[in-house]
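# Structural overview for review
In case you want the letters, here they are:
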Amino acid sequence: MTGGTWKHAPGFYAGDRPQVVTSRFQYEDSYTLERYLATDGYKGLRLALARPANEIHDEVRNATVLGRGGAGFPAGNKWGLMPQGVWPRYLVVNGDESEPGTYKDRLLMECDPHQLIEGCLIASYAAGLSQCFLYIRGEMALAQERIATALNEAYAAGYIGKNILGSKFSLDIILHWGAGAYVVGEETALIESLEGNRGMPRLKPPYFPAANGLYGQPTIVNNVETLANLPWLLNNGTAAYTAIGTATSPGTRMVAISGHVNRPGVFEIINGITTFRDLLYGEEFCQGIRNGNDLKAFVPGGGSAPWFTPDQLDLPFEASQVGPAGSMLGSGAIMVMDSTTDIPRAALTLTRFYAHESCGKCTPCREGGTWLERILSRVVDGKGTDADLDQIFEVGESICPGAFPHASNEKLGIAAVPFPYRMNTICFVGPSAYAPVHSALTLFRSEFDARIVKRTMIKVTAVSE
Amino acid sequence: MARITEENIRLAREIIGRYPKARSATIPLLHLAQEQDGYVTNEAMAHIGELVGASSAEVFGTASFYEMFKFEPVGKYLINICGTMSCALMGAEELMHHAEERLGIKMGSTTADGKITLERAECQAACTEAPCLQVNYRYRYRVTPDQLDTLIDDLSAGNLASEIPAHGTVAVIRQHIPADRAVGAVAPELVTENPVWLDGKAAL
Ligand SMILES: Cc1cc2nc3c(=O)[nH]c(=O)nc-3n(C[C@H](O)[C@H](O)[C@H](O)COP(=O)(O)O)c2cc1C
Ligand code: SF4
Ligand code: FES
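Below you will find a few notes about this structure.

Reading the values: rules and limits
Residues numbered from 1 in each chain as written. Chains lettered and ligands numbered in written order. Predicted model: local features only at pLDDT ≥ 70, side-chain atom pairs only at ≥ 80, totals over all residues. Heavy atoms only, no water. Contact = heavy atoms within 4.5 Å. Buried area = accessible area lost by both parts, 1.4 Å probe. Salt bridge = Lys/Arg side-chain N within 4 Å of Asp/Glu carboxyl O. Polar contact = N/O pair within 3.5 Å; in protein donor to acceptor, adjacent residues only side chain to side chain. Helix = DSSP H or I, 4+ residues; strand = E, 2+ residues; numbered from the N terminus. Nonpolar A, V, L, I, M, F, W, Y, C, P; charged D, E, K, R; others polar. Phe/Tyr/Trp six-rings, centres within 6.5 Å; stacked < 30°, edge-to-face > 60°. Buried < 20%, exposed > 50% of the residue type's maximum accessible area, 1.4 Å probe, protein only. Lys NZ or Arg CZ within 6 Å of the ring centre and 35° of its normal. Near = heavy atom within 4 Å. 1 Å grid on protein atoms, 1.4 Å probe; cavity = no way out; pocket = protein on both sides within 12 Å on 5 of 7 lines; lining within 4 Å. Sits in = over half its atoms within 2 Å of the grid points. Pairing = 2+ DSSP bridges. Axes fitted to C-alpha atoms, helices over the stretch in contact; angles between N-to-C directions. Core = buried A, V, L, I, M, F, W, Y, C linked by side-chain atoms within 4.5 Å. Areas by Shrake-Rupley, 256 points an atom, 1.4 Å probe, with all protein chains shown as cover. Parallel < 35°, antiparallel > 145°, perpendicular 65-115°, else oblique. Left-handed = near helix turned anticlockwise from the far one by under 90°.

## A short note on the interface of chain A and chain B
Chain A puts 95 residues into the contact, and the matching count from chain B is 72 residues. Interface area, chain A with chain B, both sides summed: about 6,500 Å², of which 60% is carbon and sulfur. The partner of E145 of chain A in a salt bridge is R138 of chain B, with the nearest N and O atoms 2.7 Å apart. Our count for the contact surface shared by chain A and chain B stands at 34 residue pairs in polar contact (both at pLDDT 80 or more). In terms of residues, the side of chain A that touches chain B owes the most to one element, helix α7 (residues 141-156) of chain A, which gives eight residues. Here the side of chain A that touches chain B is composed, by residue class, of 46 nonpolar, 33 polar and 16 charged.

Right under this line is the structure:
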């Protein structure tokens, strides 16, 4: 069965492409141990346990399994950053998925929890991690239930716990869940939260979690999708994995495309080569813009990413090309705006999000985000002035000094400023509040100008008698 | 009112036992307290502090950071309508206005009968199914104003009681670690040696 939406996997379309992490979504009972075992489940773990741990680590390194949580750092290299001889080491799974537009980890957790569990087991075996915490977003009741059920089944069947499958490998996997705070998705905030604290990012350096993480111990934080790749990799080998995608972005990637397209959906795409035009207009993907409208703009990589316009449609979904073009791929989320979109208002939905989610630890984000939201609200309500627009750039400059990344635009005659930016904040929440309003104002200035009240100078003259 | 009940203390101790440090159980225990009373009471926070070795102020400090914890009673059903970009592009504002008019309350407040609380929420990771909402963290996708009316009718009539537990309960299934399979949590300072499987192969 290909294509179509299933009730248990809402929004997902399989298509006719390689499926590394979504192969079981076609089954109504994809989340059960029975189905998992009937479809090669826990075979990758068995293969791993038959080989020395360092060999499995090398395999993940050689396959260049890129992190799917946002930064795209290769997992094998990240594991290699842990200091030698310091024990215990922990695994914290980032299942906090809350970046605007992002919808993939929840599907993986709801539809194939055993695949994630097997990924955690393989990673822990390979990197010598002695306890695993699965941190799931608090608002995801079904994902928590499916994972709890899967963990219970897997413990009972001997896949988790003491002497797994009769081997020397032992691991507890603990289901942990949050309580609603976007910033907790940042890995050091995730660790703070897991220690029972307010989820505020830690100052870096020295707190790179691989060296100094949970309880001050070496800790690997990996995204759900990253770990979900490992069972397939172990089953099929590095050569098969790198045969998909490109040399710098091997394998597949899950992408959620939402907004004004004919068929919004979640797709597992071939990494590195699929273009935005394929994704937005292709028959097997979103099938064009709704109502035959024109495309106005799209956010290529989650709410934090600077925006693209039709000028960038032919770029592939490949970090090495999207970066120089002025944006990032982030968490695999594309949000599409058609010609009817009220651009300042659309930007406000994102700026408001980041302003509200600021943890308050650093001033440029706490104050700057709030200012941006207030000024933008004023402009959207038709009460803004031209000075407000200048002030948006000024406030932005205090969060991210220097030229802020943006896309090129032929009509406007502007060249791209490449990603990334410099920042005055601890984490990316502050810059993310600026990104949408900066993009909107740079690419669609006329929509703001039409909205604002132009100030006229009041002449001050001496009053004579 | 409401410290943690005897039965929940047993559960709380089981949960605490899974972590190398008791403090890590703070958020799960806050959820347990909210499940018990529908919101998190001051007494429960003081009790959680005793259980994990923190002051009640520290527990409140943690709890108040997180959106899901409520410190006053809310409706039996909490309807969170997503208002972030993808949902906004697909009509979330209209849905919120409709909900406000239908229930005669503003976003952020509760109906007089204490049944339904309305809240504006941020991205719920269902962006392709916009506009979407959650009732006590159970999803409804691509919601039209008519469907919202039906949902409210059903909630008021108690038709969804089996599918949607009262506010406070998130997941209805818990993790259970069988004693004979558990490795057991060890305080980090007590671990000094590398995991045994790192020497050679793990398989016997
Ligand atoms: C504000 C902020 C929010 C983030 N949210 C998430 C998230 O919800 N899920 C996630 O996997 N990574 C998130 N990240 C990225 C994580 O910090 C981290 O890089 C990632 O989990 C590492 O996993 P990976 O290497 O497997 O990608 C976020 C980062 C920032 C700065
Ligand atoms: S950038 Fe914002 S969210 Fe991040 S640490 Fe600073 S104040 Fe907190
Ligand atoms: S924007 Fe509403 S679910 Fe993501």
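From this point on, the discussion continues.
## Let's talk about the packing of aromatic side chains
Residues and elements named next belong to chain A. Evaluated as defined, the whole model comprises 25 aromatic pairs over all chains. On the basis of an interplanar angle of 20 degrees and a centroid distance of 5.8 Å, the ring pair of Y13 and F267 is categorised as stacked. Here F267 lies in strand β6 (residues 265-270) and Y13 lies in the segment before α1 (33-38), a separation of 254 residues in the sequence. Taken individually, Y13 and F267 each receive the classification buried, so the pair is uniform in this respect. An aromatic cluster is defined as three or more aromatic residues linked by ring pairs; in this entry it consists of F404, F419, Y421, F428 and Y434. The aromatic ring of Y27 is capped on one face by R35, whose charged end is 3.9 Å from the ring centroid.

## Notes on the site of ligand 2
Residue and element names in this part refer to chain A. What surrounds ligand 2 is a group of 13 residues, the closest being C359, K361, C362, C365 and C427. According to the grid-proximity analysis, the pocket containing ligand 2 is the second largest cavity. Looking at side-chain class alone, the shell around ligand 2 contains eight nonpolar, four polar and one charged residues.

## Considerations on the sheet that holds strand β5 (residues 252-259) of chain A
Strand pairing in a sheet is mediated by backbone hydrogen bonds. Such pairs are either parallel or antiparallel. All names here are of chain A. Across the sheet, four strands lie side by side as β6-β5-β8-β7; this open sheet has mixed pairing. If you trace the sheet from one side to the other, it starts and ends with β6 and β7 (295-299), each paired once. Strand-to-strand twist of the sheet, defined as the mean angle between neighbouring strand axes without regard to direction, takes the value 25 degrees. Two strands pair when backbone bridges link them, and β5 and strand β8 (residues 333-338) are joined in this way by four bridges, in the parallel orientation.

## Points about the nonpolar core
Grouped together as the largest cluster of nonpolar side chains are 188 residues, with contacts concentrated most on I173 and W307 of chain A together with L29 of chain B. Looking at this core element by element, the count peaks at nine residues for helix α6 (residues 113-127) of chain A. Once residues within four sequence positions are removed from consideration, I173 of chain A is found in contact with I117, C120, L121, C132, L134, L151, Y155 and I160 of chain A together with Q175 of chain B. By size, the runner-up hydrophobic cluster in this structure holds 24 residues, among which are F267, L280, L313 and V322 of chain A.

## Considerations on the site of ligand 1
All names here are of chain A. The environment of ligand 1 is formed by 18 residues, the closest being G69, K78, N222, N223 and T226. In this structure, N94 approaches ligand 1 through a side-chain N or O atom, which is 2.9 Å from an oxygen atom. Between an oxygen atom of ligand 1 and a side-chain N or O atom of T226, the distance comes to 2.7 Å. Considered on its own, ligand 1 offers 610 Å² of accessible surface; in the complex 90% of this is hidden by protein. Ranked by the residues each element gives to the shell around ligand 1, the list is headed by strand β4 (residues 219-223), at three residues. The residue makeup of the shell around ligand 1, split by class, is four nonpolar, eight polar and six charged.

## A few points about the packing of α6 of chain A against α7 of chain A
Residues and elements named next belong to chain A. Where α6 contacts α7, the axes come no closer than 9 Å and their chain directions differ by 60 degrees. In terms of orientation, α6 and α7 fall into the oblique class. Of the two possible hands of crossing, α6 and α7 adopt the one that is right-handed. Residue-level inspection shows P113, H114, L116 and I117 of α6 in contact with α7, the latter providing R146, I147, A150, L151, E153 and A154. The class makeup of the residues in the contact of α6 with α7 is seven nonpolar, one polar and two charged.

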